[in-house]
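Each chain, written out:
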Amino acid sequence: MLRIHLMQQWYSLSGPGMEEALIEVPTMRRFAGIDLISDRIPDETTILTFRHLLEQNELGEKIFETVKSHLKERGMAMKQGTIIDATLIAAPSSTKNKDWNRDPEMHQTKKGNQWYFGMKVHICVDKDTGLIHSVETTAANVHYITRAANLLHGEEEVG
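Residues numbered from 1 in each chain as written. Predicted model: local features only at pLDDT ≥ 70, side-chain atom pairs only at ≥ 80, totals over all residues. Heavy atoms only, no water.

## A word on unusual backbone geometry
- Within the chain, E58 stands out as a residue other than glycine whose phi angle is a positive 50°.
- Here E58 is to be found in the loop between α4 (44-56) and α5 (60-73).
- Residue E58 is classed as exposed on the basis of its relative accessible area of 64%. (Helix = DSSP H or I, 4+ residues; strand = E, 2+ residues; numbered from the N terminus. Buried < 20%, exposed > 50% of the residue type's maximum accessible area, 1.4 Å probe, protein only.)

Given below as structure tokens:
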């Protein structure tokens, strides 16, 4: 749960957003130590309850200072200053075309209770200027968090 809490803070995810990320992003599950076959993914209520427990015992700041110190000892730091977002670009799912096939670069994904077919554009914006500095397109089923390393320019502020 501590690792989930850290990821939730690092990626600025809500409880529902963190739950969804754990379902969709294998690297986040691996970091949290969750095996889909034998483990249950914590739901948003469990994630919120854990955060409240840390807050009640005033442990949040202590934990983050410990993590920052641990990273610093290894020559690493958390970065901030870029906003990453993704937008779905819908495409026809029909196979009524010359080749009788769907476009192989596009896939379906579910957002809320709605299914979409198409692509996704991943965008990085400088939080202070609002200027876009990176753009990447993928199939619709690719989660934006998996593209973060490719999109960050490396000049984000050390936090």
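## A look at the confidence of the model for the protein
- Model confidence for the protein is summarised by a mean pLDDT of 81, while 89% of its residues fall at 70 or above.
- Within the protein, the lowest mean pLDDT, 51, falls on strand β6 (residues 157-158), and the highest, 93, falls on α4. (pLDDT = per-residue confidence, 0-100.)

## A closer look at the environment of R3
- Take R3: it is sitting in helix α1 (residues 2-10).
- Note: C-alpha distance between R3 and R29 (26 residues apart in sequence) is 9.8 Å.
- Apart from the residues within four sequence positions on either side, R3 is in contact with F31 and A32. (Contact = heavy atoms within 4.5 Å.)

## Examining the layout of surface pockets
- When its volume is computed, the second largest pocket comes out at roughly 320 Å³.
- If you trace the second largest pocket, you find 17 residues lining it, with E20, K111, K120, H143 and Y144 closest to the centre.
- When residues of the lining of the second largest pocket are traced back to their parent elements, those giving at least two are α2 (15-24), β2 (82-90) and β3 (107-111).
- No other element matches β2, which puts 5 residues into the lining of the second largest pocket.
- In the lining of the second largest pocket, the residues fall into 6 nonpolar, 5 polar and 6 charged. (1 Å grid on protein atoms, 1.4 Å probe; cavity = no way out; pocket = protein on both sides within 12 Å on 5 of 7 lines; lining within 4 Å. Points joined across faces, edges and corners; volume = space filled by probe spheres on them. Nonpolar A, V, L, I, M, F, W, Y, C, P; charged D, E, K, R; others polar.)

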